[in-house]
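Given next are the chains, with one letter for each unit.
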Amino acid sequence: MSKILLSGNEAIARGAWEAGCDAGFGYPGTPSTETLESFSKLEGVYAEWAINEKVALESAIGFSMAGHRALVTMKHVGVNVASDPLMSIAYAGVNGGLVILAADDPGMFSSQNEQDSRVYAEFAKIPLFEPADSEEALEMTKAAFELSEKLKTIVMIRSTVRISHTKTLVETHDRQAAQPVPYQTSIPDWVMMPAYARPKRLESDKRFAELEECSETSLFNHAEIRDTSIGFIASGACYQYVREAFPEASTLKLGMTHPLPESKIRAFADSVDELYVVDEAYPYLLKGVRAFGIEPTPWTSPLPAAFEMSAMLLKESYGSPIEQNTTALELQKQVAVPPRPPALCAGCPHRVAFNELKRMKAIVLGDIGCYTLGALAPLTTLESAIDMGASVSMGHGFEVARELESKAGVSQSTSNRPVFSIIGDSTFAHSGLSGVVSTVYNAGVGNIVILDNRTTAMTGGQGNPISGKTLQGRQTNELDLPKVLKAIGVEDVVQVDAHNVKAVREALKAAANNKDKLSVVICQAPCVVEYRIHNTVRVVDAEACRGCGTCTRIGCPAISMYDTNIAEINDKLCNGCSQCEQYCPFNAIHSKEGE
Ligand SMILES: Cc1ncc(C[n+]2csc(CCOP(=O)(O)OP(=O)(O)O)c2C)c(N)n1
């Protein structure tokens with residue numbers, strides 16, 4: 001037993017390990033990613049990145065069915081992808097303990113929305129734990145495995161950015177080997193066809209009563225009685241904000257937040273004069289408290305309905321004076337940091353495709369990955385990003401609309417612009433592939449660009465089927481994209497060096513001209529960060545530079561034209577991708593002499 005500093009994510013991994021969990025499955029996504037990464041390094045466990053969250057959960061279900069404890073990790077939007085098996089496994093139940101981590105991102109620091117995963121636990125009628133620090137993250141994960149096996153249900157742990165990424169002291173213990181639960185054939189338990197699913201649905205309702213009892217007796221749900229003139233109900237990071245803003249107030253700290261402990265909530269509400277409920281980004285607790293017929297005290301000004309909560313926002317809504325310089329958060333707000341819009345890295349191989357598509361005035365339907373930054377200046381090329389994999393299917397929908405328009409003899413002013421779907425390698429494996437199969441099946445036409453940088457760069461460089469790198473470094477295959485596409489039935493597949501301007505330009509033009517077919521252009525070059533690529537640095541010949549600004553239009557952070565009318569290349573940032581050299585119309589950029 002020892003005390004160490006762990007982030008919430010590391011603590012969940014450690015908790016799973018201590019609980020005897022043998023395997024972890026997941027798909028990367030902030031703020032969940034480090035959980036599986038850290039679990040994969042613990043002794044004696046198996047861990048893998050699945051191609052998406054649905055596959056991760058299904059693999060974990062199989063592992064649990066075989067009798068062993070499994071952890072599944074994902075970010076909140078990943079739960080949408082995994083929601084199909086989640087809703088049914090909630091009926092079927094589990095064999096070995098099964099715990100799913102949903103890591104939410106209130107404030108959308110790195111996500112496309114800020115949905116609250118707690119709603120899924122309510123929807124699926126499964127138990128939900130919400131840690132408020134790393135110690136709890138570890139303890140709750142252990143409790144979650146116990147509960148999962150005891151009541152034969154999948155259990156959800158919901159974390160948020162602040163909990164996942166903040167390090168606090170944790171007491172660690174040895175690993176307790178979990179006894180496998182022997183698998184026995186039981187068709188009515190595992191085959192969710194109507195005749196068997198109906199009784200399982202009733203069973204899950206029955207289990208719910210037991211869960212309510214668990215929540216009432218759980219030590220993770222407890223009242224901290226201090227000044228009873230004011231009381232707060234809060235969970236997770238919001239509990240910490242309450243403690244910081246109102247250290248004297250009484251607090252009902254909820255750690256098992258589904259089902260909610262009705263009696264404990266009633267007793268607490270009765271014990272305080274004013275009752276406030278704190279949520280962030282979605283009124284999950286508030287709705288639950290109101291459903292018990294308890295109406296909390298109105299805030300002086302309503303709590304913000306969107307984005308992250310903070311101690312300061314709580315004080316503001318309560319109407320209490322805000323002292324200057326009291327919290328780190330307040331300090332943070334006072335420090336004027338110059339705005340730095342996010343940009344693709346210097347030497348990023350994604351840049352040329354965007355610049356070329358911009359020159360073609362293409363309508364670019366985008367996807368989620370580093371390349372979503374193609375929407376920002378100076379590239380401003382990517383015109384949509386909805387969810388992972390959407391670019392391909394949206395491109396198909398766009399083409400179908402155009403075909404209908406042309407048959408009807410109407411056309412929009414944009415109809416002479418080619419449509420391109422643009423997608424990264426990891427996102428392609430996640431859910432782009434099924435869009436291609438669907439498009440080919442429906443005899444669709446169109447253009448797809450796969451930006452194959454051999455990694456899942458956006459979330460920190462995880463392996464994927466195309467890079468062929470597994471989480472624990474096992475020998476495996478690299479998925480051969482051209483072969484796969486051809487096998488699906490895509491006839492027009494071209495692979496080019498992503499840094500080669502001429503090759504990318506010609507391939508994109510050929511695809512756009514090939515109007516009657518589905519064309520795929522694979523722009524391939526490794527991510528410069530993940531593969532630590534340093535080629536010969538480029539320099540500007542000041543004599544030859546005309547200050548035309550062509551090189552700055554690709555948005556490379558290494559290139560600037562500040563005071564002078566001459567381009568400059570920062571040799572600390574440049575990694576010699578040569579894109580600027582190829583674009584310079586005056587041959588003013590070349591490799592640094594002597595290198
Ligand atoms: C459903 C879902 N799961 C996970 C994520 C987190 N995420 C965003 S982009 C991305 C993959 C990016 O990899 P890739 O498509 O190869 O593009 P790259 O960043 O390498 O350019 C991931 C895992 C997400 N946004 N949505």
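Residues numbered from 1 in each chain as written. Predicted model: local features only at pLDDT ≥ 70, side-chain atom pairs only at ≥ 80, totals over all residues. Heavy atoms only, no water.

Notes on a nonpolar patch on the surface
On the surface, a nonpolar cluster with roughly 240 Å² of combined accessible area is contributed by I187, V191 and M193. Secondary-structure assignment places M193 in the loop between α8 (187–190) and α9 (194–217). Relative accessible area serves as the criterion here: at 41%, M193 is assigned to the partly exposed category. (Patch = residues over 30% accessible without salt bridge, like charges linked within 9 Å, V, L, I, M, F, W, Y side chains within 5 Å. Areas by Shrake-Rupley, 256 points an atom, 1.4 Å probe, with all protein chains shown as cover. Salt bridge = Lys/Arg side-chain N within 4 Å of Asp/Glu carboxyl O. Helix = DSSP H or I, 4+ residues; strand = E, 2+ residues; numbered from the N terminus. Buried < 20%, exposed > 50% of the residue type's maximum accessible area, 1.4 Å probe, protein only.)

Notes on the nonpolar core
In terms of nonpolar packing, the biggest core is built from 60 residues, with F420, I422, I450, L485 and C523 touching the most fellow members. The contacts of I450, once residues within four sequence positions are left out, are I423, G424, D425, F428, L481, L485, V520, V521, I522 and C523. Counting residues in each nonpolar core, the second largest holds 42 residues, with I89, I233, L275 and L285 among its members. (Core = buried A, V, L, I, M, F, W, Y, C linked by side-chain atoms within 4.5 Å. Contact = heavy atoms within 4.5 Å.)

Observations concerning helix α3 (residues 53–65)
Every α-helix winds through 3.6 residues per turn, so residues three or four apart in the chain are directed the same way. A rise of 1.5 Å per residue sets the reference length of α3, with its 13 residues, at 18 Å; its end C-alpha atoms lie 18 Å apart and thus fit the reference within 8%. Taken as a whole, α3 has its buried residues at E53, A56, L57, A60, I61 and S64. Axial view of α3: buried residues confined to an arc of 135°, hence all on one face. As for α3, its buried residues are in contact with β2 (23–26), β4 (70–75), α4 (76–92), β5 (98–104), α8 and α17 (425–441). Between the side-chain oxygen at the start of α3 and the backbone nitrogen of K54 there is a gap of 3.1 Å, and the oxygen is on N52. (Expected span 1.5 Å × (residues − 1). Arc of directions from axis to C-beta. Polar contact = N/O pair within 3.5 Å; in protein donor to acceptor, adjacent residues only side chain to side chain.)

Thoughts on unusual backbone geometry
Each neighbour pair has its own omega, and for H258 with P259 the value is -5°, a cis peptide bond. Here P259 lies in the loop between β12 (256–258) and α11 (262–271). A positive phi is found at M108, a non-glycine position, where the angle reads about 50°. Note on placement: M108 falls in the loop between β5 and α5 (118–124). Relative accessible area serves as the criterion here: at 29%, M108 is assigned to the partly exposed category. Not every positive phi belongs to a glycine, and S578 is a case in point at roughly 75°. For S578, a relative accessible area of 15% corresponds to the buried category.

Quick word on the sheet that holds strand β17 (residues 446–452)
Strands pair in a sheet through their backbones, by hydrogen bonds, and they do so in one of two ways: parallel or antiparallel. The strand order β15-β14-β16-β17-β19-β18 describes an open sheet built from six strands, whose pairing is parallel. Both edges of this open sheet fall to β15 (382–384) and β18 (492–497), since each of them pairs with a single strand only. Ignoring which end each strand starts from, the neighbouring axes of this sheet average 30° apart. By the bridge criterion, six bridges tie β18 to strand β19 (residues 518–524) in an arrangement that is parallel. Residue V494 lies in a different strand from β19, and its bridge partner there is V521. The strands that helix α16 (residues 390–408) touches are β14 (363–365), β15, β16 (419–424) and β17; relative to β16, the one it contacts most, it runs at about 170°. (Pairing = 2+ DSSP bridges. Axes fitted to C-alpha atoms, helices over the stretch in contact; angles between N-to-C directions.)

Remarks on the domain arrangement of the protein
Domains assigned within the protein are domain 1 (2–217), domain 2 (222–323), domain 3 (351–524) and domain 4 (538–591). Each of domain 2 and domain 3 was reduced to a C-alpha centroid, and the two centroids are 47 Å apart. (Domains from an automatic or database assignment.)

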